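The primary structure of each chain is shown beneath.
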Amino acid sequence: MFREERGSALLLVLFMVLIFSILGLAVLSASIGGATRTETKQKDVQSLHLAEKALNEAAAYIMSDFESQDGVNIDEVQNRLDDITVKLNGRATSTLLDHDVGAARGKIHSIEFKENKKEDSSLNYKITIDAEATVNNVTRLLTQDIILDTFPDSLKYAMGSEGTVLINGSPYIIGDIYAGEALKVKNEAEYLYLGTPLYQSTKFPKLEGSAYVQKNASGDGLNAYYCETVSATVSQTSPQCDTLENVGNSNSGYKSISEEEGEGVKTIKEVLTSTDPANIHVKDQSKFAGIEVNEAFVDKMVQAIGKDIADPDGQRMKVKTALASRDSLTDLSPWMEIIDPLDEVAPDPANAPKYAAYEAKKSSLISLFSSELENTIMYNGNLTIDGGEVFSKLLYKESVKNPVPVNLNKSSWFIVNGDLTIKNTNIDKGTLDIKANILVTGNLSIHNTVNMDSTIYTLGKTEIVDASILGLKGLDGEEKELVLISKGAIDIYRVNSFLDIKEPFQYDSKSPGNKPVETHGANPPILKAFFYTDSDATIYGVGSVFWVYGGFFAKGNLTVNAIRGNATGGVESIKMDDQTQVTSENQSRLIIDYNSKIFENQKVGLPRVSKVGLTVGKKKQVTEFK
């Protein structure tokens, strides 16, 4: 029996129509969804680009504001950032970018900055820029950091020079070194003995840190050279390695330091026997933030008398004019106390009026130099602080010397309008303590044992003669240091001549600033100081022992000479330990252990920079601003 099949074709057709309708709707829906997603993605990309553009403009504005300046006073950075924040915070991109099209609009959401203390105790400013952009209701948020470093690069290295660094022999450097033009290293120390130049082969130096050097003129290598001498047990009258001027000549003995290991060449790691795996960096000299000593001196003079907010440029010009002639500095008397010097010879007591005036002046000075000072004072003449009856010490109150927070427009300084000599002539009866920020218009001389917490600027030259510069303890119990910035040359000589090294030098790598470990009491004392000179400099660790917890930097060429072990004076040369047998770098007679705590301890006294360091971070997309 057959079933009824009428109408089945209609059902099949209807079913097929339904299937194709569903497929059509699906394709239509997919097309519409794709178009919508494409439009949304386009809006997303547009808003992202608009936010990026806002960040770029804000970053460019900040960088141009600082880089356009010939010099930057670190005390003024916060005020300048405040001004930038007021100008840019909340600004629509149309005011910065001339970009306001239809429903597309972006703005700088916020600019925030804060002072950061880094692990090495130095400080910088972290500027965070937040930008927001919206295109047809699609909003994107971007953020970016700019690190603004306001401290001079010169203070960030254990040893260095904006010129050429010549390392002769085997100093031990704990920290980084910087060579602004060229680096030359040889395992031969140079020294003068009884007026005769002599040369002693020894070991290569030891670096616990990194070396920052330049590319050579061709750009395919380093502007760094080395020379390896043949070991000699006694000093010679002629060098085995020739001088700087002969580098590149076929007979100079110097070879280029290689960036890669290879047969017949030495790398920085080998020449400096460094343990740092990433021990060499190329640093563009044009980005080096140096110290402008003259301008820094003016900055601190302005700070000492109190910044004139109404006319800062006019005040700076007035200070510069006064500094051009020492006699004119007395014109600044309305803003600071000026003290005339005490007569070197007391008048005859028979002359009662003059003698009485002398005694009154003497009594006043005794009272002044035995108390803790608070205000800026200028001593109008040459001054010798000797630990004696009158000039017993120089101390400012802790809250004045190391204020928290720092007053950006006013701080207290002791100004010497002449030469300053710090010489402890009373060693057996007491110490000589200096806790003050000091400006010296003449020369500076330091002798014997002095305890210091001080930043000193001198427009003349500096002599350090048989001096033991020790750190003066603060209220926190921590020893501070001296930061010495000298326009003229720094001469350090006869420092602990021929003293024996009783115990090897040690330092605590886990302490802030790599603090030295106290060793044998008869060991050579460590100079707790950072030295900077605007001139060339040569330092010796051959007959003398030159151990520094701080650093040494020269704007000109810097030459260091060192041997290892003990040394005594001979008839024609210095008699020293066999340099092939003294293997420990801890027994070098020239050791510089970098102290990064200077940024924290001497902040109020640190100098202006010729340019700030600016590092722009990556842009980051966020869901919300902090």
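Bear in mind that the values here come from a model prediction, so they are computed numbers and not experimental data. (Residues numbered from 1 in each chain as written. Predicted model: local features only at pLDDT ≥ 70, side-chain atom pairs only at ≥ 80, totals over all residues. Heavy atoms only, no water.)

Another point: the overall build of the protein. When you go through the protein residue by residue, the secondary structure sums to nine helices and 36 strands. For the protein, the proportion of its 626 residues judged to be buried stands at 49%. Of the roughly 29,400 Å² of accessible surface on the protein, 49% is carried by carbon and sulfur atoms. (Helix = DSSP H or I, 4+ residues; strand = E, 2+ residues; numbered from the N terminus. Buried < 20%, exposed > 50% of the residue type's maximum accessible area, 1.4 Å probe, protein only. Areas by Shrake-Rupley, 256 points an atom, 1.4 Å probe, with all protein chains shown as cover.)

Inspection of the entire model under this criterion finds 16 salt bridges. A salt bridge links Glu 295 to Lys 320, with the nearest nitrogen and oxygen atoms 3.2 Å apart. Here Glu 295, found in helix H5 (residues 293-305), pairs with Lys 320, found in helix H6 (residues 312-324); they are 25 residues apart in sequence, far enough to count as distant. Among the ionic pairs, Lys 597 bridges to Glu 600, the shortest N-O distance being 3.3 Å. One network of salt bridges, with partners in common, ties together Glu 295, Asp 299, Arg 316 and Lys 320. (Salt bridge = Lys/Arg side-chain N within 4 Å of Asp/Glu carboxyl O.)

Time to look at a nonpolar patch on the surface. Together, Leu 12, Phe 15, Met 16, Ile 19, Phe 20 and Leu 23 line one region of the surface with nonpolar side chains, adding up to about 600 Å² of accessible area. We classify Leu 23 as partly exposed; its relative accessible area is 48%. (Patch = residues over 30% accessible without salt bridge, like charges linked within 9 Å, V, L, I, M, F, W, Y side chains within 5 Å.)

It is worth spelling out the packing of H5 against H6 at this point. At a minimum axis separation of 10 Å, H5 and H6 run at an interaxial angle of 110°. For the element pair H5 / H6, the angle class is roughly perpendicular. Considering only the axes of H5 and H6, their crossing is right-handed. Each of Glu 295, Phe 297, Val 298, Asp 299, Met 301, Val 302 and Ile 305 in H5 lies in contact with H6, whose residues at this interface are Gln 315, Arg 316, Val 319, Lys 320 and Leu 323. Among the residues forming the contact of H5 with H6, the class breakdown is seven nonpolar, one polar and four charged. (Axes fitted to C-alpha atoms, helices over the stretch in contact; angles between N-to-C directions. Parallel < 35°, antiparallel > 145°, perpendicular 65-115°, else oblique. Left-handed = near helix turned anticlockwise from the far one by under 90°. Contact = heavy atoms within 4.5 Å. Nonpolar A, V, L, I, M, F, W, Y, C, P; charged D, E, K, R; others polar.)

Moving on to the nonpolar core. Grouped together as the largest cluster of nonpolar side chains are 105 residues, with contacts concentrated most on Leu 183, Phe 414, Ile 422, Ile 438, Ile 469, Phe 531 and Phe 552. Sort the elements by how many residues they give to this core and H5 lands first, with eight residues. Excluding residues within four positions of it along the chain, Ile 438 makes contact with Leu 394, Trp 413, Phe 414, Val 416, Leu 420, Ser 454, Thr 455, Ile 456 and Tyr 457. Core analysis: the next-biggest nonpolar cluster, separate from the first, contains 22 residues, Ala 54, Ile 108, Ile 127 and Leu 142 among them. (Core = buried A, V, L, I, M, F, W, Y, C linked by side-chain atoms within 4.5 Å.)

Let us now look at the pairing of strand S31 (residues 558-562). Counting buried residues along S31, five of its five residues qualify, which places the element largely inside the surrounding structure. Residues Leu 558, Val 560 and Ala 562 of S31 are buried on one face, and the alternating residues Thr 559 and Asn 561, pointing to the opposite face, are buried as well. Where strand S5 (residues 164-169) and S31 come together, five bridges link them in parallel fashion. Its bridge partner being in S31, Ile 167 is matched across the sheet by Val 560. Here strand S29 (residues 537-541) runs beside S31; their pairing, made up of five bridges, is parallel. (Pairing = 2+ DSSP bridges.)

This paragraph deals with the packing of aromatic side chains. Evaluated as defined, the whole model comprises 13 aromatic pairs. On the numbers, 5.9 Å between centres and 70° between planes, the contact of Phe 369 with Phe 414 is edge-to-face. One end of the pair, Phe 369, is in helix H7 (residues 352-369); the other, Phe 414, is in strand S21 (residues 414-416), and 45 residues separate them in sequence. A single burial state applies to Phe 369 and to Phe 414, both of which are buried. These aromatic residues form a ring-pair network of at least three members: Tyr 157, Tyr 178, Tyr 212, Phe 288, Tyr 532 and Phe 553. (Phe/Tyr/Trp six-rings, centres within 6.5 Å; stacked < 30°, edge-to-face > 60°.)

This next bit is on the confidence of the model for the protein. Confidence in the prediction of the protein, expressed as mean pLDDT, is 83, and 84% of residues score 70 or more. Note that residues 94-102 has pLDDT below 50 and, in this model, 14 contacts with residues that lie over four places away or in other chains. Confidence drops under pLDDT 50 across residues 246-251; counting only partners more than four residues distant or on other chains, this segment forms five contacts. (pLDDT = per-residue confidence, 0-100.)

A word on the state of the cysteines. The final tally for this structure, using the stated rule, is one disulfide. One disulfide in the model links Cys 227 with Cys 241; its S-S distance is 1.8 Å. Taking the sign of the S-S torsion, -85° for the link of Cys 227 and Cys 241, the bridge is left-handed. Taken together, the positions of Cys 227 in strand S13 (residues 224-227) and Cys 241 in the loop between S13 and strand S14 (255-256) put the pair 14 residues apart, joining distant regions of the chain. The two residues Cys 227 and Cys 241 agree in class, both being buried. (Disulfide = S-S within 2.5 Å.)

Attention now moves to H5. Look at H5: 19 Å from first C-alpha to last across 13 residues, which is about the 18 Å you get at 1.5 Å a residue. Buried residues dominate H5, accounting for eleven of its 13 residues. Buried within H5 we find Val 293, Ala 296, Phe 297, Val 298, Asp 299, Lys 300, Met 301, Val 302, Gln 303, Ala 304 and Ile 305. Of the surrounding secondary structure, the elements contacted by the buried residues of H5 are H6, S21, strand S23 (433-440), strand S24 (444-458), strand S26 (482-486) and strand S28 (529-533). Backbone geometry just downstream of H5 places Gly 306 in the positive-phi region, at approximately 100°. (Expected span 1.5 Å × (residues − 1).)

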